[in-house]
Amino acid sequence: MKREFAVIGLGRFGGSICRELSEEGMEVLAIDIEEDKVNEFKNIASHAVIADSTDEKVLKELGVRNIDHVIVAIGDNIQASILTTLMLKELGIKKITVKAQNDYHEKVLNKIGADQVVHPERDMGKRIAHSIISNNILDHLELSDDHSIAEVKAGRKMTGKTLIDLDIRAQYGCNVVAIKQKKDKFINVSPMASEMINEGDILIVIGADKDISRFEKNLVVEDDD
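What comes next is a walk through the structure. Quick caveat: nothing in here was measured; it's all calculated off a predicted structure. (Residues numbered from 1 in each chain as written. Predicted model: local features only at pLDDT ≥ 70, side-chain atom pairs only at ≥ 80, totals over all residues. Heavy atoms only, no water.)

1. Remarks on the pattern of salt bridges
Side chains that carry opposite charge are capable of pairing whenever their charged atoms lie near each other.
Thought 1: Tallied over the entire structure, the rule returns six salt bridges.
Thought 2: Linking Glu56 and Lys60 is a salt bridge whose minimum nitrogen-to-oxygen distance equals 3.9 Å. Of this pair, Glu56 and Lys60 both sit in helix 3 (residues 56-61), four residues apart, which is roughly one turn of the helix.
Thought 3: The class for Lys60 is partly exposed, based on a relative accessible area of 42%.
Thought 4: A salt bridge links Arg214 to Asp211, with the nearest nitrogen and oxygen atoms 3.4 Å apart. (Salt bridge = Lys/Arg side-chain N within 4 Å of Asp/Glu carboxyl O. Helix = DSSP H or I, 4+ residues; strand = E, 2+ residues; numbered from the N terminus. Buried < 20%, exposed > 50% of the residue type's maximum accessible area, 1.4 Å probe, protein only.)

2. Considerations on the packing of helix 4 (residues 78-90) against helix 5 (residues 103-111)
Relative placement of two packed helices is described by the angle separating their axes and the distance separating the axes.
Thought 1: Axis separation between helix 4 and helix 5 bottoms out at 10 Å; the angle between their running directions is 15 degrees. Judged by the angle between their axes, helix 4 and helix 5 are roughly parallel. Once helix 4 is placed against helix 5, the crossing between them reads as right-handed. Of the residues in helix 5, those touching helix 4 at Ile78, Ser81, Ile82 and Thr85 are His105, Val108 and Leu109.
Thought 2: Broken down by class, the residue content of the contact of helix 4 with helix 5 amounts to four nonpolar, three polar and no charged. (Axes fitted to C-alpha atoms, helices over the stretch in contact; angles between N-to-C directions. Parallel < 35°, antiparallel > 145°, perpendicular 65-115°, else oblique. Left-handed = near helix turned anticlockwise from the far one by under 90°. Contact = heavy atoms within 4.5 Å. Nonpolar A, V, L, I, M, F, W, Y, C, P; charged D, E, K, R; others polar.)

3. Remarks on the environment of Ala73
Thought 1: Relative to the helices and strands, Ala73 is located in the loop between strand 4 (69-72) and helix 4.
Thought 2: Relative accessible area serves as the criterion here: at 3%, Ala73 is assigned to the buried category.
Thought 3: Note: C-alpha distance between Ala73 and Gly14 (59 residues apart in sequence) is 5.0 Å.
Thought 4: In contact with Ala73, other than residues within four places in its own chain, are Ile8, Gly9, Phe13, Gly14 and Lys99.

4. Topic: the pairing of strand 3 (residues 47-50)
Thought 1: Sheet topology places strand 2 (residues 27-32) next to strand 3; four bridges connect them, and they run parallel. Bridge assignment links Asp32 to a residue of strand 3, and that residue is Ile50.
Thought 2: Viewed along the sheet, the connection from strand 2 through helix 2 (residues 35-40) into strand 3 turns out right-handed. (Pairing = 2+ DSSP bridges. Right-handed = clockwise from strand over helix to strand, strands pointing away.)

5. Notes on the sheet that holds strand 4
Thought 1: Taken together, the six strands give an open sheet; going across it, the order is 3-2-1-4-5-6, and neighbouring strands pair in parallel fashion. In this open sheet, the two strands that pair with only one neighbour each are strand 3 and strand 6 (116-118). Within this sheet the neighbouring strands show an average axis-to-axis angle of 15 degrees, counted without direction.
Thought 2: In this sheet, strand 6 lies alongside strand 5 (residues 95-99) in parallel orientation, the contact comprising three bridges. Along strand 6, the bridge assignment pairs Val98 with Val117.
Thought 3: The sheet strands contacting helix 1 (residues 12-23) are strand 1 (4-8), strand 2, strand 4, strand 5 and strand 6, and the helix crosses strand 1 at an angle near 160 degrees.
Thought 4: Of the strands in this sheet, strand 1, strand 4 and strand 5 touch helix 4, which is tilted by about 180 degrees from strand 5.

6. Side note on unusual backbone geometry
Thought 1: With phi around 50 degrees, Asp167 is a residue other than glycine that occupies positive phi space.
Thought 2: Topologically, Asp167 is positioned in the loop between helix 7 (163-166) and helix 8 (168-172).
Thought 3: Take Asp167: its relative accessible area is 33%, and that puts it in the partly exposed class.

Given below as structure tokens:
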């Protein structure tokens, strides 16, 4: 079942999140108050609409309350960002991620109940997009235009299995270069194929972006994240 996201604010940061989530096959509702920005994403997002996110009636009409995760990426208008976050909380959105302009803005967002506050100056859109797809995807760093390294937490699909059981290299074309073992906080570099994976272990995986994406979708993302 596809996860559903809404991205409010389609500037450089919000646009980056929207593109990446769409490329990962997620359902994305793209919202902005400016028509030209919405037009840019009509062929990228599942739906793209011109709307004022500070209007609760508009948010209800768009069906935002049925969306799993909303990302508020409004540009320089801190008041609109705060009001939008408040509206989303009142609508009962399960998870709200908000872009903060500064430390004061972050404090306010935390006080009114934002689940995750991000600073785009410190966090790349691509890394954040991967982290919000699943709680088990901890980090995602680009090595080149088409290769990355991902840090993922082992969940139910991997627990109790060995690397040879999962056959990650043959099935997905990427390599597990290290395992941070939860039980004894030991980092196992170049683990053996017979290495057993326990719940909560952290795998460091390297490979082509398309291969890592398949690996994450099949083994990392879990329905109840």
